[in-house]
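Letter by letter, the chains look like this.
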Amino acid sequence: MRFRYKVIMINIAFISIALGVLGFVMIYKNFNQAIDIQTSYAIEENNLIQASIEYPLLDVLNERDPKIAKSLYEAGKDTSTQLLSGNSFLYIFYDDKLVYSNDASMHDTTASGKNVAMKKISFSKQNFIPNTLFSSLEFGGKNYITCKDETGYQLFIASKNILEEKELYIITKRNVNDTYNLLYSQIGYFLFLMILVVAICSLFLYVISTKLTKPLEKLNEVTDTIAQGNYEIRADISSDDEIGMLVEKFNNMALAISQHIEELNLMVKQREQFVADFTHEIKTPMTTIIGYADTLRSKELTEERKKLAYQYIYSEGKRLENMSMKLFDLIYLKDNDLVRSEIQALDIAKEIAESMQPILDRKEIHLETELDPSIIYGDLELLKTVFINLIDNARKASPEQSTIWFRGFSKDNAYVFQVEDHGCGMDEETKQHICDEFYMADKSRSRAEGGAGLGMSLASLIILRHGATMDIESELGKGSIFTITLPLT
C-alpha cells in the first residue's frame, strides 16, 4: 500500500472515531438532560396528584363507615381531569385492587359510575406496568422507571403509602416518545453529517497527502535512476521542512557515493596502469637477461664479451631485485601500521652519508650535511629510505663534481629536513607526477641508473604514514629543493 493511502486511512479512521465519540457523547448528554427534565416534571406531577388525592381522604377517614375505594375513585377522577395532560395517565391501587385509571384500555377493570368494580391484580402479571417499578419501592417513597410498550416509551412514577393498614399506590404514566424520537432523529442527522464530513476530509486529505508525498515520489525516482548507474543525478526539490532536510542529506549521500565511485574507478585505472607499467618495467631487464644468457649458452665468446654479458645480467638482476624490494615495501606500508621510536636526527645523517658515499663518489659529488641535533619519532629504516631516495634522485639530476645539501632544523614543534641540489630541475608536470608509481621524468637516464620509478612513490607513502608533509621547489636548469616537515609529537 502506498504511503499516501496509509496516511489517508489513518487520518480518516482517527477523524471518524473522534467525531463519532464526540457526537454520540453530546447527543446522549442532551438526551439524558431531556429525560431528566421529563422525569423531574413527572415526579412533580405525581406529587401534586398524590396531594390532591390524599387530602380529601382526611374527611372520609373520620366517618363511621368510610368508603375509601369510592372516595379514591372520585378523587382520582377529579384530579385526572384537572391536573393530567393529554399524554399522561393515572392508576390508583388500593389493597392490591385497581381503584381508578383514566387509561381507555383499562376501562373494563375500573369502577364506573356509582358502582365501583374492584378487581384483584397481581403486579407480576400486569403488562401495562412493569413489576420492577414496585420491587424497591418503600412506604412514603417514590420510584420511577422508563420502559417501552406497544404505544412507545412510557415513564412510570409510583408512590406508596399506608391507608387503614392497607397499601395505597398512586401511579402516573407519561408518554416520552417525543424525547426518544428526537434522540433517533439527532443520531440519524449526525450520521449523515459525519459521513459528509468524512467524505470531504477524505478528499482534502487526498489532495494534501498527494502534495506532501510528491517530493518523496520524486526522490524515489531519483533513487531508481541512481540504482541504474547514473550517479550524477540529484534531487531538485525545494522545501523548508523535514523533507527538504532529507533531500539535502540524500544529495550529500549521492555526492559522496559519486565521489567514492570516481575514486574506485581511479583506483582501478591506477591498478591497471600499475600492472601495465610493472609488466613493461620488468620486460626490459628480463629481455636483457634472457638475451645475454642465451648468447652465453649458444655461442663461443671471448673473455671480454663474456664479462660484459655477465655484467649486464648482474646489473639487470640487481635492478629486478631493487624493484621487487620497493614493491614489497609499498605493499607492506599500505597494509601495516608503523612502529615509531626515538631517533637522533644526527644518527640519520651519519648513516645516510655512509651508505650514499660510494655511489656519490662515482660522479665525484659531495654531500654536505647540516643538521641540528634533535630527537624525532618514527621508523628509522623507513626514514632512511626516504632520504636515500631523495639524495639518489638529486645525484642522478646533478652534474659531476657538484654538491648536494642535506639540512635539518627545528621549527614550530616540527623538525624540517631539506635535500637540495643544483641539477637539471623539474617542470610543473614532473612535479605533479613525481610521486606516481613507475613515473620517470627521464626514462633513459633512470634505466641507465637502475631506476624503476618506484622510489618517490615509496618515499611519499612513508612520509604520509609518518604524518609529515613534503614540499617541492624546483626550476628547470637550476635544481630542486625537497622539504620534509615531520611533527615532533
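Look a little higher up for the structure.
Residues numbered from 1 in each chain as written. Predicted model: local features only at pLDDT ≥ 70, side-chain atom pairs only at ≥ 80, totals over all residues. Heavy atoms only, no water.

Participant: What should I look at first to understand a nonpolar patch on the surface in this one?
Facilitator: Side chains of Tyr-189, Phe-192, Leu-193, Leu-196 and Ile-200 sit close together on the surface and give an oily, nonpolar patch of about 520 Å² of accessible area. Considering the arrangement of structural elements, one finds Phe-192 in helix α4 (residues 177–227). (Patch = residues over 30% accessible without salt bridge, like charges linked within 9 Å, V, L, I, M, F, W, Y side chains within 5 Å. Areas by Shrake-Rupley, 256 points an atom, 1.4 Å probe, with all protein chains shown as cover. Salt bridge = Lys/Arg side-chain N within 4 Å of Asp/Glu carboxyl O. Helix = DSSP H or I, 4+ residues; strand = E, 2+ residues; numbered from the N terminus.)

Participant: Looking at this structure, I do not really get the sheet that holds strand β7 (residues 366–371). What am I missing?
Facilitator: Think of a sheet as strands paired side by side through backbone hydrogen bonds, with each pair either parallel or antiparallel. The five strands are arranged β7-β9-β10-β12-β11 in an open sheet whose pairing can be described as mixed. Of all strands in the sheet, those bounded by a partner on one side alone are β7 and β11 (469–475). Strand-to-strand twist of the sheet, defined as the mean angle between neighbouring strand axes without regard to direction, takes the value 10°. Each of β7, β9 (403–410) and β10 (414–421) is contacted by helix α7 (residues 345–362), which is oriented at about 175° to β7, the strand it contacts most. (Pairing = 2+ DSSP bridges. Axes fitted to C-alpha atoms, helices over the stretch in contact; angles between N-to-C directions. Contact = heavy atoms within 4.5 Å.)

Participant: Can you help me understand the packing of aromatic side chains in this one?
Facilitator: By convention here, two paired aromatic rings are described through the distance between centres and the angle between planes. Within the structure shown, the criterion is met by 10 aromatic pairs. Note on Tyr-153 and Tyr-180: the rings are 3.7 Å apart at their centroids and 10° apart in plane angle, and the pair reads as stacked. Of this pair, Tyr-153 sits in strand β4 (residues 152–163) while Tyr-180 sits in helix α4; the two residues are 27 residues apart in sequence, bridging distant segments of the chain. Accessibility classification places Tyr-153 together with Tyr-180 in one group, the buried group. (Phe/Tyr/Trp six-rings, centres within 6.5 Å; stacked < 30°, edge-to-face > 60°. Buried < 20%, exposed > 50% of the residue type's maximum accessible area, 1.4 Å probe, protein only.)

Participant: Just checking my understanding: could you explain the pattern of salt bridges for this structure?
Facilitator: Side-chain pairs of opposite charge can arise where the charged atoms are in close proximity. Taken as a whole and judged by the stated rule, the model has 10 salt bridges. In this structure, the salt-bridge partner of Glu-167 is Lys-160, at a minimum N-O distance of 3.8 Å. Residue classification places Glu-167 among the partly exposed residues on the basis of a relative accessible area of 27%. Using a relative accessible area of 9% as the deciding quantity, one classes Lys-160 as buried. Lys-396 is the partner of Asp-392 in a salt bridge, and the nearest nitrogen-oxygen pair spans 3.6 Å. A residue pair is termed a helical-turn pair when its members lie 3 or 4 positions apart in one helix, as Asp-392 and Lys-396 do in helix α8 (residues 380–397) at four residues.

Participant: Sorry, what's going on with the sheet that holds strand β2 (residues 97–101) here?
Facilitator: Strand order in the open sheet formed by five strands is β2-β1-β5-β4-β3, with antiparallel pairing between adjacent strands. With partners counted over all chains shown, the strands left at the sheet margins are β2 and β3 (142–149), one partner each. Each strand axis lies, on average, 25° off the axis of its neighbour in the sheet, ignoring direction. Bridge analysis of strand β1 (residues 88–94) against β2 gives four bridges, and the strand direction is antiparallel. The partner of Phe-93 across the bridge, within β2, is Leu-98. Packing of helix α2 (residues 68–83) onto the sheet brings it into contact with β1, β2, β4 and β5 (166–175), and relative to β2 it is tilted by some 30°. Here α4 sits on the sheet in contact with β3, β4 and β5, set at roughly 145° to β4.

Participant: Mind showing me how you'd approach the pairing of β9 here?
Facilitator: Moving residue by residue along a regular strand, the side chains alternate between the two faces of the sheet. Judged from the six bridges that link them, β7 and β9 form a sheet pairing that is parallel. Bridge assignment links Thr-369 to a residue of β9, and that residue is Phe-406. In this sheet, β10 lies alongside β9 in antiparallel orientation, the contact comprising six bridges. If you follow Trp-405 over to β10, its bridge partner there is Glu-420. Between the antiparallel neighbours β9 and β10 lie three residues, among them Asp-412 with a positive phi of about 50°.

Participant: Sorry if this is basic, but what is going on with unusual backbone geometry here?
Facilitator: Of all residues except glycine, most have a negative phi; of all peptide bonds, most are trans. Positive phi outside glycine occurs at Glu-364, with the angle close to 55°. Summarising the element assignment, Glu-364 is placed in the loop between α7 and β7. For Glu-364, a relative accessible area of 51% gives the class exposed. Not every positive phi belongs to a glycine, and Gln-401 is a case in point at roughly 60°. For Gln-401, the location among the structural elements is in the loop between α8 and β9.

Participant: Explanation requested: the nonpolar core in the structure shown.
Facilitator: If you look at the biggest cluster of nonpolar residues, it comprises 37 residues, and the most contacted ones within it are Ile-376, Phe-387, Leu-390, Phe-406 and Phe-417. In terms of residue count, α8 provides more of this core than any other element does, seven residues in total. When neighbours within four sequence positions are excluded, Phe-417 is seen to be in contact with Leu-371, Ile-376, Phe-387, Phe-406, Arg-407, Gly-408, Phe-482, Thr-483, Ile-484 and Leu-486. Among the nonpolar cores identified, the runner-up in size contains 17 residues, and Ala-42, Leu-155, Ile-187 and Met-194 belong to it. (Core = buried A, V, L, I, M, F, W, Y, C linked by side-chain atoms within 4.5 Å.)

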